[in-house]
Amino acid sequence: MRKPRDFDAELKALEEKARELKTRKVQQLGELVIATGADQLSTDELAGALVAITETNDTSKREAWAKRGVMFFESRSRRTAPASQRNPRGAQAQSGGPQSPAGGTGSA
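The structure displayed is predicted, hence computed values, not measured ones. In this convention, every chain numbers its residues from 1, walking through the sequence in written order. Under the rules for a predicted model, residues below a pLDDT of 70 receive no local features and side-chain atom pairs below 80 are neither given nor counted, while totals for whole chains, interfaces and linings still include all residues. Working from all heavy atoms in the structure, the side-chain values ignore hydrogens and water.

**Some points on the overall build of the chain**
Part 1 of the argument: In terms of helices and strands, the chain carries five helices and zero strands.
Part 2 of the argument: The 108 residues of the chain split such that 17% are buried.
Part 3 of the argument: Across the chain, every contact between residues at least 6 apart in sequence was considered, and the portion connecting residues at least 24 apart equals 62%.
Part 4 of the argument: Total accessible area on the chain stands at roughly 8,500 Å², and carbon and sulfur atoms take up 54% of it. Only DSSP runs of H or I covering at least 4 residues are called helices, and only runs of E covering at least 2 are called strands; the numbering of each starts at the N terminus. Only protein chains enter the accessibility calculation, which uses a 1.4 Å probe; a residue is then buried when its area is under 20% of its type maximum, exposed when over 50%, and partly exposed in between. Throughout, a contact is declared for two residues whenever any of their heavy atoms are within 4.5 Å. Calculation of accessible area relied on Shrake-Rupley with a 1.4 Å probe; when residues are assessed, cover is drawn exclusively from the protein chains displayed.

Following this line, the structure appears as structure tokens:
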């Protein structure tokens with residue numbers, strides 16, 4: 001006879017993992033705000049810029065912001081990593097997609 005699954009323990013483990021992921025996401029967003037210099041903006045200015053970005057349906061603007069974000073991350077990786085270890089956007093791509101739109105905040 002097979003051992004029955006402990007659904008409560010599995011659910012608890014999944015909830016803990018979800019909390020950890022949410023915490024990491026919030027931390028990474030904060031780091032992104034600081035890295036882009038957006039921490040110099042007031043909370044109202046930053047929130048307004050982010051709202052404007054999310055409400056923008058102009059594909060060309062969004063593409064331009066995305067390109068600028070890619071350039072930002074590539075320039076940071078060139079400054080911080082030795083030439084033999086450069087992998088532009090490699091670390092950012094693994095951390096998730098929500099950070100990309102915020103990377104263009106300065107160009108709003």
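Now that the structure has been shown, the text picks up again.
**As for the confidence of the model for the chain**
Part 1 of the argument: Confidence scores per residue from the predictor, reported as pLDDT, run from 0 to 100. Of the residues in the chain, 73% reach a pLDDT of 70 or more, and the chain-wide mean stands at 81.
Part 2 of the argument: For the chain, per-element mean pLDDT is lowest for helix 5 (residues 99-103), which scores 44, and highest for helix 1 (residues 7-36), which scores 96.
Part 3 of the argument: Segment residues 86-108: pLDDT under 50, and 30 contacts once partners within four positions in sequence are set aside and those in other chains are kept.

**Observations regarding the pattern of salt bridges**
Part 1 of the argument: For this analysis, a salt bridge means a side-chain nitrogen from Lys or Arg found within 4 Å of a carboxyl oxygen belonging to Asp or Glu. Summed over the entire model, instances satisfying the criterion amount to two salt bridges.
Part 2 of the argument: The shortest N-O distance in the salt bridge between Glu10 and Arg5 comes to 2.6 Å.
Part 3 of the argument: Among the ionic pairs, Glu16 bridges to Arg19, the shortest N-O distance being 2.8 Å. Taken as a pair, Glu16 and Arg19 lie in helix 1 at a separation of three residues, close to a single helical turn.

**Some thoughts on the packing of aromatic side chains**
Part 1 of the argument: Here a Phe, Tyr or Trp ring, Trp counted by its six-membered ring, pairs with any other such ring whose centre lies within 6.5 Å, and the pair is stacked when the planes are under 30 degrees apart, edge-to-face when over 60, and tilted otherwise. According to the stated counting rule, one finds one aromatic pair in the structure shown.
Part 2 of the argument: On the numbers, 5.4 Å between centres and 70 degrees between planes, the contact of Phe72 with Phe73 is edge-to-face. The residues Phe72 and Phe73 share a single accessibility class, namely buried.

**Thoughts on the side chain of Thr56**
Part 1 of the argument: Turning to its location among the elements, Thr56 is positioned in the loop between helix 2 (43-55) and helix 3 (59-80).
Part 2 of the argument: Overall, the relative accessible area of 15% leaves Thr56 in the buried class.
Part 3 of the argument: Beyond its immediate sequence surroundings of up to four residues, Thr56 is in contact with Lys61, Arg62 and Trp65.

**Focus on helix 2**
Part 1 of the argument: An expected span of 1.5 Å times one less than the residue number is assigned to each helix. The terminal C-alpha atoms of helix 2 lie 18 Å apart, and with 13 residues this matches the ideal 18 Å at 1.5 Å per residue to within 8%.
Part 2 of the argument: Within the span of helix 2, buried status applies to Leu46, Ala49 and Ile53. Relative to the axis of helix 2, the buried residues are bounded by an arc of 65 degrees and lie together on one face. Structural note: helix 2 exposes Thr43, Asp44, Thr54 and Glu55 on the side pointing more than 90 degrees away from its buried face. Directions are taken from the helix axis to each C-beta atom, and the arc is the one they span.

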